Amino acid sequence: MRWRIPTTWRENGYANCGDEDICAKAHERKLPVHLDGARIFNAAVYLGKPVAEITRGFDSVMFCLSKGLGAPVGSLLVGGKEFVQQARSVRKALGGGMRRQACWPRQD
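Residues numbered from 1 in each chain as written. Predicted model: local features only at pLDDT ≥ 70, side-chain atom pairs only at ≥ 80, totals over all residues. Heavy atoms only, no water.

Draft legend 1. Up close: the nonpolar core. Of all hydrophobic cores here, the largest spans ten residues; its members are C23, A26, V33, L35, I40, A44, I54, F58, V61 and F63. Elements with a minimum of two residues in this core: α1 (19–28), β2 (33–36), α2 (40–47) and β3 (60–64). With sequence-adjacent residues up to four places away left out, F63 is seen in contact with G37, A38, I40, F41, S75, L76 and V78. (Core = buried A, V, L, I, M, F, W, Y, C linked by side-chain atoms within 4.5 Å. Buried < 20%, exposed > 50% of the residue type's maximum accessible area, 1.4 Å probe, protein only. Helix = DSSP H or I, 4+ residues; strand = E, 2+ residues; numbered from the N terminus. Contact = heavy atoms within 4.5 Å.)

As structure tokens, then:
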């Protein structure tokens, strides 16, 4: 299996500086660009921009459901079908998966 790993990896910040230029230069070289958008929804509120506008140009985005959205656990990876299938395969190969969270009382 050959993994296609993005060579440009951005972490979203509230400044959102130069992302369009970075994406354009990477894409000119046929390189995918990933955005670590753990707190992308917080950034969208701060910047007054929709998430779709902030993430435009990126090939894949990961965001966290528990950071700012109030979910007890979970993250989502968004990208093309082939990329997500590869990511799922890599996650399984490395032993990743959902772990049980104690968010409710046990009923014995």
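Draft legend 2. The arrangement of the pairing of β3 in detail. With respect to burial, β3 is a largely interior element, four of its five residues being buried. For β2 and β3, the ladder comprises three bridges, and the chain directions are parallel. By the bridge assignment for β3, D36 is matched with M62. In this structure, β3 lies alongside strand β4 (residues 75–79), joined through five bridges in antiparallel fashion. Following the sheet pairing, S60 is matched in β4 by G79. (Pairing = 2+ DSSP bridges.)

Draft legend 3. Up close: the packing of aromatic side chains. Enumeration according to the criterion identifies one aromatic pair in this entry. Judged by centre distance (5.2 Å) and plane angle (85°), the rings of F41 and F63 are edge-to-face. Taken as a pair, F41 in helix α2 and F63 in strand β3 lie far apart in primary sequence, 22 residues in all. (Phe/Tyr/Trp six-rings, centres within 6.5 Å; stacked < 30°, edge-to-face > 60°.)

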